[in-house]
Amino acid sequence: MTEMTDGVLHTLFRSEQGGHEQVVLCQDRATGLKAVIAIHSTALGPALGGTRFHAYASDEEAVRDALNLSRGMSYKNALAGLDLGGGKAVIIGDPAVLKSEELLLAYGRFVESLGGRYVTACDVGTYVADMDVVARETRWATGRSPENGGAGDSSVLTAFGVFQGMRASAQHLWGDPTLRGRKVGVAGVGKVGKHLVRHLLEDGAEVVITDVREESVQEVLGLHPEGKISAVADTEALIRAESMGGLDIYAPCALGGALNDASVPVLTASVVCGAANNQLAHPGVEKDLADRGILYAPDYVVNAGGVIQVADELHGFDFDRCKAKASKIFDTTLAIFARAKEDGIPPAAAADRIAEQRMADALAARAAARKA
């Protein structure tokens, strides 16, 4: 336990990945609930971020995941133009075994105890139906069903936002915000990837897909029998795309870490823009992409449509209002590319600087207001 605590305290108080305002450890023995709620920043407003339900290898891994994910939400929400900070929660355990109504209610009580400093939503292992249960114990649960005052499935606007990021990438690189005639490879055609494929085909792109689930591939192919769409066996075949003359755009829409020391050297695409979270496997990958002349649209910028949607529930959900906000991902992505060029840095670093400046400005304004 000492080793775990020392590691967590180092991350919290002394590392560049730290700076969190608050970390709450939650336990309810009756239901088996063990959870971590991490609030990274409330500079822009209450900390919004989903609840991940996962069987972590260790408690330390769970805490580190909560810390990393919550920090990422601060940056995502800042660049999405939301007046919300960043937070994230993890529930430790296998949801297939541990999840119950009583556990979710207990978790909701912990969220409520924070008095609105943290607003939760869905993430890996939690779903709309789960947020409906959590919301019975707290006002601060979003991602609920339409029947319970929520927005429902956020994948529609997530895909729309990624499409806007692609359009901005095309504008920056080729001078025209269209994917017409471009070859786009989509790795992962689940909820988000499926919608993204539709946007691409409607815009005139040629689409190549892959997924670890063959049934997902067949479903998407069946939805577009007349479209310019094909499938390959796996992600390695997709990113190389040797038999197809290469890709113009690669869209990782499945697991994180898709851009790594093995994949980057063989990428044929000129642009990477996808929905997956945490696409860069480790620091330095963004420079490797830049060195190869590959334009990277930062994942937490272009996949923000979902968080824009759940955030809107706090004001009474309106789809058209959300879509208008998500369409601004186009302008934000262009601004990041411009800043990257101006500062001579990769787009991922430019995005971080813009987000950090917005948070710093908010803190400065708050301090000035206190003095006034």
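The structure this text deals with has already been given above.
So, how was this worked out
- Residues numbered from 1 in each chain as written.
- Predicted model: local features only at pLDDT ≥ 70, side-chain atom pairs only at ≥ 80, totals over all residues.
- Heavy atoms only, no water.
- Helix = DSSP H or I, 4+ residues; strand = E, 2+ residues; numbered from the N terminus.
- Rg over C-alpha atoms; globule rule 2.2 N^0.38 Å.
- Buried < 20%, exposed > 50% of the residue type's maximum accessible area, 1.4 Å probe, protein only.
- Contact = heavy atoms within 4.5 Å.
- Phe/Tyr/Trp six-rings, centres within 6.5 Å; stacked < 30°, edge-to-face > 60°.
- Pairing = 2+ DSSP bridges.
- Lys, Arg positive; Asp, Glu negative; His and termini not counted.
- Salt bridge = Lys/Arg side-chain N within 4 Å of Asp/Glu carboxyl O.
- Arc of directions from axis to C-beta.

Participant: A description of the overall build of the protein chain should follow, citing residues and the corresponding values.
Facilitator: A count of helices and strands for the protein chain gives 15 helices and twelve strands. Against the 2.2 N^0.38 benchmark of 21 Å for 372 residues, the protein chain shows a C-alpha radius of gyration of 20 Å, consistent with a compact globule. Overall size of the protein chain, expressed as C-alpha extent along the three principal axes, is 55 × 50 × 45 Å. Buried residues in the protein chain amount to 51% of all 372 residues. Here the contacts in the protein chain between residues at least 6 apart in sequence split such that 65% fall between residues at least 24 apart.

Participant: An account of helix H12 (residues 305-312) is requested, with residue identities and associated values reported.
Facilitator: The element H12 is extensively covered by neighbouring structure, given that eight of its eight residues are classed as buried. Every buried residue belonging to H12 is among Gly305, Gly306, Val307, Ile308, Gln309, Val310, Ala311 and Asp312, and all of these are buried. The elements touched by buried residues of H12 are strand S3 (47-48), helix H2 (59-79), helix H6 (155-174), helix H13 (319-327) and helix H14 (329-343).

Participant: Hey, could you go over the packing of aromatic side chains for me, with residue numbers and the actual values?
Facilitator: For the structure on display, the rule yields one aromatic pair. When the centroid spacing of 6.1 Å and the interplanar angle of 80° are considered together, the rings of tyrosine 75 and tyrosine 300 count as edge-to-face. Placement of the pair is tyrosine 75 in helix H2 and tyrosine 300 in helix H11 (residues 299-302), with a sequence separation of 225 residues. The class of tyrosine 300 is buried, set by a relative accessible area of 14%.

Participant: So what's going on with the sheet that holds strand S12 (residues 295-296)? Residues and values would help.
Facilitator: Ordered in space as S9-S8-S7-S10-S11-S12, the six strands form an open sheet in which the pairing is parallel. This sheet does not close on itself; its edge strands, each paired only once, are strand S9 (229-231) and S12. Both strand S10 (residues 249-252) and strand S11 (residues 271-272) contribute to a ladder of two bridges, which runs parallel. Within S11, the position partnered with isoleucine 249 by the bridge is valine 271.

Participant: Go over the side chain of aspartate 132, please, and point to the residues and values.
Facilitator: Along the chain, aspartate 132 falls in helix H5 (residues 128-134). Within the buried set, aspartate 132 has no salt-bridge partner at all; the shortest N-O distance to an opposite charge, 5.7 Å, is to arginine 144. Aside from chain neighbours lying at most four places away, what touches aspartate 132 is Arg144, Ser145 and Asn148.

Participant: Quick rundown of unusual backbone geometry? Include the residues and the values.
Facilitator: Even without glycine at this site, asparagine 278 takes up a positive phi of about 50°. Inspection of the secondary structure assignment puts asparagine 278 in the loop between S11 and helix H10 (285-291).

Participant: Help me get a handle on the environment of aspartate 288, residues and values and all.
Facilitator: For aspartate 288, the location among the structural elements is in helix H10. What makes aspartate 288 partly exposed here is its relative accessible area of 33%. Distance in space between the C-alpha atoms of aspartate 288 and aspartate 261 is 8.7 Å, their sequence separation being 27 residues. Apart from the residues lying within four places of it in its own chain, the contact partners of aspartate 288 are Asp261 and Val264.

Participant: I'd like a description of helix H8 (residues 214-223), backed by residues and values.
Facilitator: All buried positions along H8 are accounted for by Ser216, Val217 and Val220. Across the axial projection of H8, the buried residues extend over an arc of 100°, all falling on one side.

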